[in-house]
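Residue-level structure breakdown
The primary structure of each chain is shown beneath.
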Amino acid sequence: MVFPRRLAAMTAALMVSSAFGWGSHGHRVITMLALDGLPPDAPAWLRDAEIRKRIAFQSNEPDRWRGWRAPALGHANNPDHYLDMELLAQFGLTLESVPPLRYEYLRTLAIAKHEHPENVDPYDAAKDAERAKEWPGFALHAMQEHYVKLQSCFHQIRIIEQLNEPRRAFQLTQLRENAVYHMGMLSHFVGDIGQPLHTTKHFNGWVGENPAGYTTSTRFHPYIDSGVLEKHGLTYESVKPAVTYSVTVNAADPWDDLLAYFRGSFERVEPLYQLERDGLLDQDAGRAFIVRCLADASAMLSALYWGAYASSAPTAEQVATWVRYDGIDAPPPAAATAPHPSSAPARGAAAGSPPEP
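Residues numbered from 1 in each chain as written. Predicted model: local features only at pLDDT ≥ 70, side-chain atom pairs only at ≥ 80, totals over all residues. Heavy atoms only, no water.

The next subject is the nonpolar core. Core analysis: the largest hydrophobic core is formed by 87 residues, its most contacted members being Leu140, Phe154, Val239, Ile290 and Tyr305. The contact partners of Ile290, leaving out residues within four places of it in the chain, are Trp22, Ile224, Val228, Leu229 and Leu234. (Core = buried A, V, L, I, M, F, W, Y, C linked by side-chain atoms within 4.5 Å. Buried < 20%, exposed > 50% of the residue type's maximum accessible area, 1.4 Å probe, protein only. Contact = heavy atoms within 4.5 Å.)

Have a look at this one:
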């Protein structure tokens, strides 16, 4: 993705174009290929052509958010698309020592910056209206959190399917809508990390010492996102033969699998720069490299989809608890008798005091 932290000026039109992680086309390809990898005993509704198209469309929603210039949205959304792994060392962390919980990770970063500010690159808040640039990034946590949200959603779907009550048809419809949303969101961030430039401080041209002579062009990132896919004519059909669905994850907690997936992509950063430097990125070697990135992201996403579903089966106790909480059979609450607005005390006034003029 080309983040506001990366480029100071972007139009809204550009922000919804293909200038982000893999572009809309790449994210759709990854999503469709991941769905192809689901085993035969996966839910039949996930093989419905319309559902597949909707999940693939949803996979681009976090990039479409960039087209809405609200600081609160950019602040929350932008850092989830990347993790500049080299910057972890400034905070006394390695990839393997990153705390799995987002706010414990953030606390660790903040303490390290407070205790040893001399170790951390300066942060100029005045140049960051969205206050999104201060930390190395939260991509690992975005993947983990969207995985467990999808897991919970599948869990509820299976409860409703088990109950098999016609009066709950609307609940099943809504929960499947929710699953489409969560599957698309998970796809987006898994797809982002499959693009090596989302794992490094060299996200858009090499920075700092450059003895190997790598490109410093600030057009490098968008070219990898979309241009190189167009150059090689990469499509769902052309990438599909390269996908091997051999990835497995710890369905109960895939954190370690996400770390391994992230590191594998990070290890492709220099080879990607080498291909560009040597004039091979637009040749067969470059095509094979990009196909491998897309194929590996598809396989990882497919494993996460299946892991979330396979680990979501409800117990009898969980079904009963869900039904009690839902309260669909509870009588509606009695209508409250409220005083006329003109006789209600003003906010903050004592009971019985006269209304404000």
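Residues at a pLDDT of 70 or more form 87% of the protein chain, whose mean pLDDT is 90. Below pLDDT 50 for its whole length, residues 1-19 participates in 61 contacts with residues either more than four positions away or in separate chains. Segment residues 347-357 is flagged for pLDDT under 50; beyond a separation of four residues in sequence, or across chains, it makes two contacts in the model. (pLDDT = per-residue confidence, 0-100.)

Let us now look at the packing of helix H7 (residues 139-163) against helix H11 (residues 255-266). Each pair of packed helices can be described by the angle between their axes along with the distance between the axes. Interhelical geometry of H7 versus H11 gives an angle of 140 degrees and a closest axis separation of 10 Å. By the angle between their directions, the pair H7 and H11 is classed as oblique. In the crossing of H7 with H11, the sense of the turn from one axis to the other is right-handed. Only Trp255, Leu258, Leu259, Tyr261 and Phe262 of H11 make contact with H7, whose side of the interface consists of Leu140, His141, Met143 and Gln144. Of the residues assigned to the contact of H7 with H11, the class counts are seven nonpolar, two polar and no charged. (Axes fitted to C-alpha atoms, helices over the stretch in contact; angles between N-to-C directions. Helix = DSSP H or I, 4+ residues; strand = E, 2+ residues; numbered from the N terminus. Parallel < 35°, antiparallel > 145°, perpendicular 65-115°, else oblique. Left-handed = near helix turned anticlockwise from the far one by under 90°. Nonpolar A, V, L, I, M, F, W, Y, C, P; charged D, E, K, R; others polar.)

Our next topic: the pattern of salt bridges. A complete count under the given rule lists 19 salt bridges for this structure. The salt bridge involving Glu134 is made with Lys113; its shortest N-O contact spans 2.7 Å. Of this pair, Glu134 sits in the loop between helix H6 (102-115) and H7 while Lys113 sits in helix H6, and the two are 21 residues apart along the sequence. (Salt bridge = Lys/Arg side-chain N within 4 Å of Asp/Glu carboxyl O.)

Attention now moves to the environment of Val249. With respect to the helices and strands, the residue Val249 is situated in the loop between helix H10 (236-239) and H11. Residue Val249 is classed as buried on the basis of its relative accessible area, which comes to 18%. Along the chain, Val249 and Trp306 lie 57 residues apart, while their C-alpha atoms are 9.2 Å from each other. Aside from chain neighbours lying at most four places away, what touches Val249 is Pro254, Asp257, Met300, Ala303 and Leu304.

Right, let's get into the packing of aromatic side chains. For any pair of aromatic rings, the description rests on two quantities: the centre-to-centre distance and the angle between the ring planes. Throughout the structure, instances matching the rule amount to eight aromatic pairs. Between Phe220 and Tyr273, the ring centres sit 4.7 Å apart and the planes meet at 50 degrees, which makes this aromatic pair tilted. Here Phe220 is found in helix H9 (residues 220-232), whereas its partner Tyr273 is found in helix H12 (residues 269-277), with 53 residues between them in sequence. Accessibility assignment for this pair places Phe220 and Tyr273 in one class, buried. Site record: aromatic cluster; members linked through ring pairs are Trp206, Tyr214, Phe220 and Tyr273. In this structure, Arg64 packs its charged tip against the face of Phe57, placed 3.9 Å from the ring centre. One residue, Lys113, lies across the ring of Trp135, its end atom 5.3 Å from the ring centre. (Phe/Tyr/Trp six-rings, centres within 6.5 Å; stacked < 30°, edge-to-face > 60°. Lys NZ or Arg CZ within 6 Å of the ring centre and 35° of its normal.)

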